[in-house]
Amino acid sequence: MNTNITDIFFDLDHTLWDFDKNSQMAFDRIFKNNFGTIKIEDFIAKYIPINHECWRLYQNDQITHQELRYNRLKLSFDALNYSMSDENIDQIANDYIEFLTDNNYLFDGAIEVLEYLKPKYKLHIITNGFAAVQEKKINNALLSGYFSTVTNSELAGVKKPNSIIFDYAVNIAQASKQNSIMIGDDLEADVDGALNAGLDAIFFNVRNIEAPKNYKQINHLSELKKYL
């Protein structure tokens, strides 16, 4: 347990907010209304790794916001050999963003651990997600009361793992790096990004992937009590 920590920075998607579950529900609604021949399970199996890779490219400034929104759908439909017009892809992309925040499933233990941490620490969010969408997720999932500050990449002008976003977040939190820790599901963006910026970090290894043995890591949010 690190007794020097005063400020905890959380990632949002895939860490507190169950992006994959909420995402599947949004697509299920879209397909049932308009594309009934697409099996949601088949689409999601293609979409999840493609979306993850598109986000990796986006956070490293290799594709734009618009390319992210288009490519993750286009590549998923291509992988299913399903012909989809650009017009339909644009409509799906818009509907998806609109419907996504209607679903507010959090990871098991999220509220309990936030209730446990809030009396002891100042809590914050650092996210690469789009500001308006992330604000809706936080508000609709009744998370806003737990967090003192929310930093998104649009505010900071850069995305994780760039150290500037961590500097920005620590600054607006009026915290110090040596007393701060980052918790997130992405080894590159959250953990390496935080460590390289001078913060401590905990890897939320929800996918049980191979990770460096010297990294602090958890598989369930309740395990944060071991460290904090």
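1. Re the packing of helix H8 (residues 163-172) against helix H9 (residues 187-197)
1) Next: For the pair H8 and H9, the least separation of the axes is 9 Å and the interaxial angle reads 75 degrees. As judged from the angle between their axes, H8 and H9 are roughly perpendicular. Of the residues in H9, those in contact with Ser 163, Phe 166 and Asp 167 of H8 are Ala 189, Asp 190, Gly 193, Ala 194 and Ala 197.
2) Next: Split by residue class, the contact of H8 with H9 holds 4 nonpolar, 2 polar and 2 charged.

2. Focus on the environment of Leu 114
1) Next: Mapping Leu 114 onto the fold places it in helix H5 (residues 110-117).
2) Next: Relative accessible area serves as the criterion here: at 0%, Leu 114 is assigned to the buried category.
3) Next: With 105 residues separating them along the chain, Leu 114 and Asn 219 place their C-alpha atoms 16 Å apart.
4) Next: Setting aside its immediate chain neighbours within four residues, Leu 114 contacts Phe 10, Leu 123, Leu 143, Tyr 146 and Phe 147.

3. A word on the nonpolar core
1) Next: Ile 8, Phe 10, Phe 27, Leu 224 and Leu 228 are the most contacted members of the largest nonpolar core, which has 57 residues in total.
2) Next: No other element matches the 9 residues that helix H2 (residues 40-59) contributes to this core.
3) Next: Phe 9, Leu 187, Ala 194 and Ala 211 belong to the second largest nonpolar core, which has 19 residues in total.

4. Description of the pattern of salt bridges
1) Next: Using the criterion set out here, one finds 13 salt bridges in the structure.
2) Next: Here Lys 177 ties to Asp 167 by a salt bridge, and the two come within 2.5 Å at their closest N and O atoms. Of this pair, Lys 177 sits in the loop between H8 and strand E4 (180-184) while Asp 167 is found in helix H8, placing the two residues 10 residues apart along the sequence.
3) Next: Note that Glu 210 is salt-bridged to Lys 213, the shortest N-O span being 3.1 Å. One exposure class covers both Glu 210 and Lys 213, and it is exposed.
4) Next: Taken together, the salt bridges that share partners define one network made up of Asp 11, Lys 160 and Asp 190.

5. Here's the deal with the side chain of Thr 149
1) Next: Considering the arrangement of structural elements, one finds Thr 149 in strand E3 (residues 149-152).
2) Next: The buried category is assigned to Thr 149, whose relative accessible area is 13%.
3) Next: Side chain to side chain, Thr 149 and His 124 meet in a polar contact 2.7 Å long.

6. Examining the sheet that holds E3
1) Next: Judged by pairing direction, the sheet is parallel, and its 6 strands sit side by side in the order E3-E2-E1-E4-E5-E6 without closing on themselves. The sheet is open, and its two borders are formed by E3 and strand E6 (216-218), each paired with just one other strand. Here the strands of the sheet are splayed against their neighbours by 25 degrees on average, with no regard to which way each runs.
2) Next: The pairing of strand E5 (residues 200-204) with E6 spans 3 bridges and is parallel. Paired with Phe 203 across the two strands is Gln 217, which belongs to E6.

About the criteria used
- Residues numbered from 1 in each chain as written.
- Predicted model: local features only at pLDDT ≥ 70, side-chain atom pairs only at ≥ 80, totals over all residues.
- Heavy atoms only, no water.
- Axes fitted to C-alpha atoms, helices over the stretch in contact; angles between N-to-C directions.
- Helix = DSSP H or I, 4+ residues; strand = E, 2+ residues; numbered from the N terminus.
- Parallel < 35°, antiparallel > 145°, perpendicular 65-115°, else oblique.
- Contact = heavy atoms within 4.5 Å.
- Nonpolar A, V, L, I, M, F, W, Y, C, P; charged D, E, K, R; others polar.
- Buried < 20%, exposed > 50% of the residue type's maximum accessible area, 1.4 Å probe, protein only.
- Core = buried A, V, L, I, M, F, W, Y, C linked by side-chain atoms within 4.5 Å.
- Salt bridge = Lys/Arg side-chain N within 4 Å of Asp/Glu carboxyl O.
- Polar contact = N/O pair within 3.5 Å; in protein donor to acceptor, adjacent residues only side chain to side chain.
- Pairing = 2+ DSSP bridges.

Bear in mind that shape data such as this cannot, by itself, settle questions of function.
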